[in-house]
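Observations on chain architecture
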Amino acid sequence: MNISLCSNLSEITSPCLESSQSININKPLAISSIRASDFTNKDSIQVSSRYARKMVLSCQYVPGHLEGTQLMGKPLSKPRQKLESIRTLLIDNYDSYTYNIYQELSVVNGLPPVVVRNDEWTWEEACRYIYEKRAFDNIVISPGPGSPACPADIGICLKLLLECKDIPILGVCLGHQALGYVHGAEVIHALEPVHGRLSEIQHNGCRLFHDIPSGRNSGFKVVRYHSLVIDAKSLPKELIPLAWTCSADTISSLGDQNYDFDDHETSLSSFKDGRSNCVEDNKVLMGIMHSTRPHYGLQFHPESIATCHGSQIFKNFREITQDFWVGKDSSSISERKLQYNACMQVKNGSWQFKNNPKSNYLPILDTNHFKMVNSSNLTKFLKLEWRKLEHLSCQVGGAENIFLELFGDDKAGNTFWLDSSSTEKRRARFSFMGGKGGSLWKQITFRLSEPSGGHIIIEDAQGLSTTTFLKDGFFHFMNEELQSIHYDEKDYEGLPFEFYGGYIGYLGYGLKVECGAAYNRHKAETPDACFFFADNLIVIDHSNDDIYILSIHDQSTTWLDDVEQKLTSLKASSAPPKTKTSPSQISAKNNSVFLSNKTREQYMEDVEKCQKFIRDGESYELCLTTQMRKKIGDMDLLGLYFHLREKNPAPYAAWLNFKQHLTICCSSPERFLRLDRDGILEAKPIKGTIARGFTPEEDEMFRSQLQHSEKDQAENLMIVDLLRNDLGRVCEPGSVHVPHLMEVESYATVHTMVSTIQGKKQPNVSAIDCVRAAFPGGSMTGAPKLRSMELLDSLETCSRGIYSGCIGFFSYNQTFDLNIVIRTVVVHEGEASVGAGGAVVALSSPEQEYKEMVLKATAPVNAVLEYQHKFAGKEECESR
């Protein structure tokens, strides 16, 4: 194919685009040297080096000025009008950042894109929507794990890039590599994996980078998530390099890196041969375009929160698309709009296809999946009554004494306490506590079954139990339960908190199979979910020292009067807190240590295996965990929890005591997800942990070390982008934001790096939809989430159970607040277990990862050992 190049972009011409040969991607290739030309025929596009260099300088294919271009054999007429909004087909390569792109495109394009996974359509179905229905104006191919050489990783994307030469396409990361690969470039291992780290970029000024600065110290910093790259030396002539890293070094996410020189005004001569430019300076190719097709690729992630000018890149691609379709007549544009509206529908804010059984991309957002059936669960109208007892909490001994006196009898059975035991710096304000109470109280216990669904046991206030098989799973059940409750919003006007009664308990990590994960390799010994329906509860406002007592009911009740009288009597006696269980119940004959599932050497070997997965592009970050166990006999578990909360206070601590010999003592510092009554979703992931110092000087040194650690910044950034993606699935376009990025919070034993992500929930999305969109918490999985969970299942030797899940409440009015289950002792049938782990990245040291895991386990493990030793010693003294 010959191309005539002129100094004036408006004079660029090209002959007709001919259809390509189909590509065969079944032949396996070595990852270190991958060429599409090894097994496919492609167009023979000849561009002389002289013309190619000039094309780099001109650097823009202007489809509106191509004469005689054809669209599936139909000649195009003269320009008529610009598209007002752009309809994008967004191909998801099973990535955890796709919905960040979705959010950007929704705002930039004026329409939300249609998200289709890379194996969801056959080629015939794709052709039908792209060409027969004319449903889209451009295509964006997402990042993803793996390699473009693997059919399972890349799906239909290679076919789209090869065949759809007459529609604008933008490939990001894996999509970028696919663009190079399908035209014969080699995809090789990078010199080092770069995930969650930043580089400065220089580019050649083409339209994709219009209004974006270039070069070192220019302010154009981008986030990279990749371990594979296109080898610049192997670029065929039809692919033009657009952008490179300024150097082989990465820079800080917080922008505190200083440079001794400034080469912002990069000379044009450095762009005359982009291939040699990358090779000679060890720079990495960051952008390419096709010389005759409107196809572009970016190795970096423009959608990341830390990428500068990312939105401008998407705006530029929109304008490139608009200019491309200027070459189409107005009747064609109108026809495309009608076809789009005819074949699309909106479900929960996301465009989906009508009458397409395979368009099931997000079951968690499929409203048909959550259509309420009240055959077994009649609609209920609940009434809330409450009272406020001002400035009373400290007068009656505080939260610990209130819980002990009101709910501490009979080993505190069937009780709960969402305990904000760490309230400094306004991290938490309210604590919620209660026990078996009114006529609406019940306990639900759920266990997963194979291959799907599970059995639920429901015990009511009278002690009667029923067992039912839930074909559609636990989240479906919970959604029906919450949807069936009717209430008057005026009932809770004036209450400063979000839980007014409802479900309180935990979701186990194994419920990931109801959120997109393929399977659970290990079966949990504990139930996969367990909740109380709390109709009576006490709320303590730690900021104002107030106590609230609440009761929801469907008939009259005297509970408020009874509890107020008890609290008044407590005020008179105000006895100091003490446990109500005798220390003699603790056996001194138990083992004195916890036994880990993995030895130190085995754990470090697993870290190295994780890093190999990362080097091969299978994951960006893997949150590896292990479990420690110890037989503890008939210990005073409430006393153990009091000891844990004293030694390691936390804002999202919890006590849950269920009937199935199951007790949870949690001192979590991490919020998973919250939804308030205004529809604001908030996540607060923790990534990055270091021990406290022994002196103020050492403590501040460690804190600063964490704040400026490139490894910890990379860990945190990856999870921030993942949580932005998860919230982006259920939040209104443009509403997801990060008010706090990588702030260091200090606790009793550790400093942690914390970020906050918020978004406005779409109005037709339920509370359960929001949880399913983000569960399990990304800080416990890594990214991309689905692939990472599969890899972790292959490495870990037992179920995580309750650890890595979440504890919290679902209020009857569909607000919720859930933590991440870490720093937690789970006691089941006389055995205590503690889970711990850490995020493995390319920069990780196996030795340091092991030490970090031990550090995180220290607080809960020591709480058990110290408490057991303390009272075992007392027992021995009393026996003498």
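Residues numbered from 1 in each chain as written. Predicted model: local features only at pLDDT ≥ 70, side-chain atom pairs only at ≥ 80, totals over all residues. Heavy atoms only, no water.

Time to look at the overall build of the chain. Check the secondary structure of the chain and you find 19 helices and 40 strands. Buried positions account for 63% of the 880 residues belonging to the chain. Of all intrachain contacts in the chain linking residues separated by at least 6 positions in sequence, the fraction that spans at least 24 positions is 78%. Carbon and sulfur atoms provide 48% of the accessible area of the chain, an area that totals close to 32,600 Å². (Helix = DSSP H or I, 4+ residues; strand = E, 2+ residues; numbered from the N terminus. Buried < 20%, exposed > 50% of the residue type's maximum accessible area, 1.4 Å probe, protein only. Contact = heavy atoms within 4.5 Å. Areas by Shrake-Rupley, 256 points an atom, 1.4 Å probe, with all protein chains shown as cover.)

So, about the side chain of K512. Within the secondary structure layout, K512 lies in the loop between strand 23 (502–507) and strand 24 (529–534). Since its relative accessible area comes to 3%, K512 is described here as buried. Among the polar contacts listed, one links the side chain of K512 to the side chain of D793, at a separation of 3.5 Å. Discounting chain neighbours no more than four positions away, the residues touching K512 are A517, Y519, N520, F775, P776, M789 and D793. (Polar contact = N/O pair within 3.5 Å; in protein donor to acceptor, adjacent residues only side chain to side chain.)

Now for the packing of helix 2 (residues 98–109) against helix 16 (residues 710–728). With their axes 7 Å apart at the nearest point, helix 2 and helix 16 run at an angle of 60° to one another. Considering their axes alone, helix 2 and helix 16 lie oblique with respect to each other. In this structure, helix 2 meets helix 16 at a crossing whose hand is left-handed. The segment helix 2 lies against helix 16, with T98, Y99, N100, Y102 and Q103 engaging D721, R724, N725 and G728. For the contact of helix 2 with helix 16, the per-class residue count stands at two nonpolar, five polar and two charged. (Axes fitted to C-alpha atoms, helices over the stretch in contact; angles between N-to-C directions. Parallel < 35°, antiparallel > 145°, perpendicular 65-115°, else oblique. Left-handed = near helix turned anticlockwise from the far one by under 90°. Nonpolar A, V, L, I, M, F, W, Y, C, P; charged D, E, K, R; others polar.)

Time to look at the nonpolar core. Core analysis: the largest hydrophobic core is formed by 103 residues, its most contacted members being F474, L507, F810 and F816. The element best represented in this core is helix 16, accounting for eight residues. Beyond its immediate sequence surroundings of up to four residues, F474 is in contact with I444, F446, I456, L507, L511, E514, A529 and F531. By size, the runner-up hydrophobic cluster in this structure holds 55 residues, among which are I402, L567, Y641 and A653. (Core = buried A, V, L, I, M, F, W, Y, C linked by side-chain atoms within 4.5 Å.)

This brings us to the side chain of R645. When you line up the elements, R645 lands in helix 14 (residues 637–647). The exposure class of R645 is buried, given its relative accessible area of 15%. A polar contact of 2.9 Å, which involves the side chain of R645, links it to the side chain of E400. Apart from residues lying up to four places away in sequence, R645 is in contact with E400, W417, D419 and S421.

Packing of helix 11 (residues 474–483) against helix 17 (residues 767–774) leaves a shortest axis separation of 9 Å and a crossing angle of 155°. Here helix 11 is positioned roughly antiparallel relative to helix 17, judged by the angle of their axes. From helix 11, F475, M478, N479 and L482 reach across to helix 17, where they touch I768, V771 and R772. The residue inventory of the contact of helix 11 with helix 17, partitioned by class, reads five nonpolar, one polar and one charged.

With that out of the way, let us pick up the packing of aromatic side chains. Overall, the coordinates contain 40 aromatic pairs when judged by the stated rule. Between Y506 and F658, the aromatic rings sit 6.0 Å apart at their centres with planes inclined by 70°, giving edge-to-face as the arrangement. Placement of Y506 in strand 23 and of F658 in strand 29 (residues 652–658) is noted, with a sequence separation of 152 residues between them. Taken individually, Y506 and F658 each receive the classification buried, so the pair is uniform in this respect. Consider the rings of F672 and F775, whose centres lie 6.2 Å apart with planes at 75°: the pair is edge-to-face. With a gap of 103 residues between them, F672 in strand 31 (residues 671–675) and F775 in the loop between helix 17 and strand 36 (782–783) connect regions that are remote in the sequence. (Phe/Tyr/Trp six-rings, centres within 6.5 Å; stacked < 30°, edge-to-face > 60°.)

Once their charged atoms are close, side chains differing in charge can pair, the charge on each being opposite to the other. One pass over the full model with this rule turns up 40 salt bridges. Between R645 and D419 there is a salt bridge, with the nearest N and O atoms lying 2.6 Å from each other. Linking R645 in helix 14 with D419 in strand 17 (residues 415–419), this pair joins segments that are 226 residues apart in sequence. Residue D419 is classed as buried on the basis of its relative accessible area, which comes to 1%. Several salt bridges share partner residues, and in doing so they unite R600, E601, E847 and K851 into one network. (Salt bridge = Lys/Arg side-chain N within 4 Å of Asp/Glu carboxyl O.)

Another point: the environment of A653. You can see A653 is positioned in strand 29. For A653, a relative accessible area of 4% corresponds to the buried category. Residues A653 and S422, 231 residues apart in the sequence, show an inter-C-alpha distance of 8.3 Å.

Moving on, we come to the pairing of strand 18 (residues 430–435). The buried count for strand 18 comes to six of six residues, which makes it a mostly enclosed element. Residues of strand 18 alternate between two faces, with F430, F432 and G434 on one and S431, M433 and G435 on the opposite face, all of them buried. The pairing of strand 18 with strand 25 (residues 536–541) spans four bridges and is classified as antiparallel. What sits directly across from M433, in strand 25, is I538. (Pairing = 2+ DSSP bridges.)

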